[in-house]
Amino acid sequence: MPLRSKILNLLILIVLAVLFAAGIHAALQGNPLGADFYTFWKAARAEFFEGRSAYDPSVAREIQMDIQGRLSNPTEDQFAFSYPIFALLLVAPFSLLPFDWAQATWMAVNFVLLLTASLAISSHRRWVGASVWAFYPVCFALILGNLDLIIAVLWLFFFSQVLPQNKGRYGNTLWMGALISVTTIKPQFSWFFLILAALIALRQKSTRLMLGFLAGSAVLWSLGFLWHPHWLNEWVAQAVQYLTVLSGHSSPLQSWLATLTPPNDQTARSITWVIIIALSIWFIRSAWRNHSFSIRLLGWCGIVTYFVHPTGFSYEQMTFLIPVFLWAVDERSSRKALAAWVGMLILSWVALVATFTGIDRLADSSWLLLAAAAWLVWITIDQKWSQPGKIQSASQS
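Residues numbered from 1 in each chain as written. Predicted model: local features only at pLDDT ≥ 70, side-chain atom pairs only at ≥ 80, totals over all residues. Heavy atoms only, no water.

Undergrad: Quick one: what's the story with the overall build of the chain, residue by residue and with numbers?
TA: If you tally the helices and strands in the chain, you get 18 helices and two strands. Against the globule reference of 21 Å for 397 residues, the chain gives a C-alpha radius of gyration of 21 Å, in line with a compact fold. Its C-alpha atoms give the chain principal-axis dimensions of roughly 65 × 60 × 40 Å. Across the 397 residues that make up the chain, the buried fraction comes to 51%. Taking the intrachain contacts of the chain between residues at least 6 apart in sequence as the baseline, contacts between residues at least 24 apart amount to 74%. As displayed, the chain has an accessible area near 18,700 Å², and 68% of this comes from carbon and sulfur atoms. In the chain, 25 positive and 18 negative side-chain charges are present, and the distance between their average locations comes to 19 Å. (Helix = DSSP H or I, 4+ residues; strand = E, 2+ residues; numbered from the N terminus. Rg over C-alpha atoms; globule rule 2.2 N^0.38 Å. Buried < 20%, exposed > 50% of the residue type's maximum accessible area, 1.4 Å probe, protein only. Contact = heavy atoms within 4.5 Å. Areas by Shrake-Rupley, 256 points an atom, 1.4 Å probe, with all protein chains shown as cover. Lys, Arg positive; Asp, Glu negative; His and termini not counted. Charge placed at Lys NZ, Arg CZ, Asp CG, Glu CD.)

Take a look at the structure:
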């Protein structure tokens, strides 16, 4: 694409984001919506403009008072900034704005970014890309304004670029490695994807991808230490406190184990981890030997990531919606893609209703997960499953 066209497209996206921001601001009429984004905005203001640490307990107390009008109890969510300090680089430009405009602009930028990436990736099946925002977990992430959506888009873009139809043209570049280094701001979301990306890079012998990731990570960490030399100790302490509280939430695995009585719960925990580790080794070993990292492996990574995620919030389900999206885009049978995609989209909202009506208090964190597991089993045993959706090494493309 000519440089002039790229500049024109960028200007169009900026105009769209500005228009969306103005519309969102007018609709909200100054009412705060995203509690997560308020934490990031407040922490960035403290770090960059007020001379305070983003991890300072006083910042968390101010956020608590602003959001809920009182201080949190020790067992409640402390609304504290619990990310690596370099995560604030994403929010820094928005912290220049008053919160009402910062919130509207952040939501608009996230929506335009998601829609642009999903439509670009789904060139053969636009309705998949155009509807991804309608899933409840995605809507929830947009409303809260957390960083999960940006991370999900980065991983969606990365794995779409290492699919065979792209011939490894963009997936093994320096800038792609630097791009996925940004996903380390949320390790509980990205850890299994990072392992998979490392295996792909090693199998492809892609020095550029690995160097790009290392260089990007070095820049992020260096900027953090240059600005805030003691941030690492403060972040670890904050993260430990967050994992201790967890706002009463737990991983889907832990929620399931809680329904069992001792000592059955411990036995089930051990068996479950043995199964997870064994199947992970089997998937990875098979992919490595065949020089082919399939959507099935990517789906397994996404499902396991959410299943053991320490909080189990529904927006974290984007970990397994990424492989479902890529499968729906490339699946040869439009009927299969339509049935699975629309079925899971509807189920995401049905599960929310079931949770709020008391039919199943864990529906929003379990029903879509079970559907994703059923989808993975289905595509694994489907004899017609073939080449579309395989992530191959460059030498095999």
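Undergrad: Summarise helix 15 (residues 295-307); cite the residues concerned and give the values.
TA: Between its terminal C-alpha atoms helix 15 stretches 18 Å, which fits the 18 Å expected from 13 residues at 1.5 Å a residue. Across the 13 residues that make up helix 15, a large majority, 13, are buried. (Expected span 1.5 Å × (residues − 1).)

Undergrad: Lay out the packing of helix 16 (residues 318-330) against helix 17 (residues 334-356) with the relevant residues and their values.
TA: Packing of helix 16 against helix 17 leaves a shortest axis separation of 9 Å and a crossing angle of 150°. Here helix 16 lies roughly antiparallel to helix 17, going by the angle between them. The two elements helix 16 and helix 17 meet at a crossing, and its hand is left-handed. Within the contact between the two elements, helix 16 uses Leu321, Val324, Phe325, Trp327 and Ala328 and helix 17 uses Lys336, Ala337, Ala340, Trp341 and Met344. When its residues are assigned to classes, the contact of helix 16 with helix 17 shows nine nonpolar, no polar and one charged. (Axes fitted to C-alpha atoms, helices over the stretch in contact; angles between N-to-C directions. Parallel < 35°, antiparallel > 145°, perpendicular 65-115°, else oblique. Left-handed = near helix turned anticlockwise from the far one by under 90°. Nonpolar A, V, L, I, M, F, W, Y, C, P; charged D, E, K, R; others polar.)

Undergrad: Describe in detail the nonpolar core, supporting the description with residues and values.
TA: Ranked by size, the top nonpolar core spans 104 residues in total, and within it Phe81, Trp155, Phe158, Phe159, Phe325 and Leu326 carry the most contacts. By size, the runner-up hydrophobic cluster in this structure holds six residues, among which are Ala21, Ile24, Met107 and Ala108. (Core = buried A, V, L, I, M, F, W, Y, C linked by side-chain atoms within 4.5 Å.)

Undergrad: How would you explain a nonpolar patch on the surface if you had to name every residue and give the values?
TA: On the surface, a cluster of nonpolar side chains totalling about 590 Å² of accessible area is made up of Leu3, Ile7, Leu10, Leu11, Ile14 and Val18. Summarising the element assignment, Val18 is placed in helix 1 (residues 3-28). A relative accessible area of 52% means that Val18 is categorised as exposed. (Patch = residues over 30% accessible without salt bridge, like charges linked within 9 Å, V, L, I, M, F, W, Y side chains within 5 Å. Salt bridge = Lys/Arg side-chain N within 4 Å of Asp/Glu carboxyl O.)

Undergrad: So what about the pattern of salt bridges? Which residues, and what values?
TA: By the definition in use, this model includes seven salt bridges. The residue Lys186 makes a salt bridge to Asp148 at a minimum N-O spacing of 2.7 Å. With Lys186 in the loop between helix 9 (174-181) and helix 10 (187-204) and Asp148 in helix 8 (residues 148-161), the pair connects residues that are 38 residues apart, well separated along the chain. When sorted by exposure, Lys186 lands in the same class as Asp148, which is buried. Of the charged contacts, one joins Lys186 and Glu316 as a salt bridge, the two residues approaching to 3.0 Å between their closest N and O atoms. Of this pair, Lys186 sits in the loop between helix 9 and helix 10 while Glu316 is found in the loop between helix 15 and helix 16, placing the two residues 130 residues apart along the sequence. For Lys186, a relative accessible area of 3% puts it in the buried group. Among the charged side chains, a network of salt bridges with common partners joins Lys42, Glu50, Arg52, Glu62 and Asp66.

Undergrad: Explain the confidence of the model for the chain residue by residue, including any values.
TA: Residues at a pLDDT of 70 or more form 92% of the chain, whose mean pLDDT is 88. A low-confidence stretch, residues 391-397 stays under pLDDT 50, and its non-local contacts, those more than four residues away or across chains, total 21 contacts. (pLDDT = per-residue confidence, 0-100.)

Undergrad: Before we move on, can you summarise the packing of aromatic side chains with the specific residues and values?
TA: Under the counting rule described, the total for this entry stands at 37 aromatic pairs. Here Phe20 and Phe111 contribute two aromatic rings whose centre-to-centre distance is 5.3 Å and whose plane-to-plane angle is 75°, an arrangement assigned as edge-to-face. A residue pair is termed long-range when its members are at least 10 positions apart, and Phe20 in helix 1 and Phe111 in helix 5 (residues 99-121) qualify at 91 residues. Residue class for Phe20 comes out partly exposed when judged on its relative accessible area of 34%. Since its relative accessible area comes to 18%, Phe111 is described here as buried. Taking the centre distance of 5.3 Å and the plane angle of 65° together, the rings of Tyr136 and Trp349 count as edge-to-face. (Phe/Tyr/Trp six-rings, centres within 6.5 Å; stacked < 30°, edge-to-face > 60°.)

Undergrad: Give a description of the environment of Leu28 that names residues and reports values.
TA: Residue position: Leu28 is located in helix 1. Classification of Leu28 by relative accessible area gives buried; the value is 17%. The spatial distance from the C-alpha of Leu28 to the C-alpha of Asp100 is 8.4 Å, given a sequence separation of 72 residues. Ignoring anything within four residues of it in the chain, the contact list for Leu28 reads Leu33 and Gln103.

Undergrad: Just give me the short version of the packing of helix 15 against helix 16, but keep the residues and values in it.
TA: Angle between the axes and distance between the axes: these two values describe a pair of packed helices. Taken N-terminus to C-terminus, the directions of helix 15 and helix 16 make an angle of 160°; their axes are 6 Å apart at the nearest point. In terms of their interaxial angle, helix 15 and helix 16 are classed as roughly antiparallel. Both helix 15 and helix 16 take part in a crossing whose hand is left-handed. Between helix 15 and helix 16, the residues in contact are Ile295, Leu298, Gly299, Gly302, Ile303, Thr305 and Tyr306 and Thr319, Phe320, Pro323, Leu326 and Trp327, respectively.

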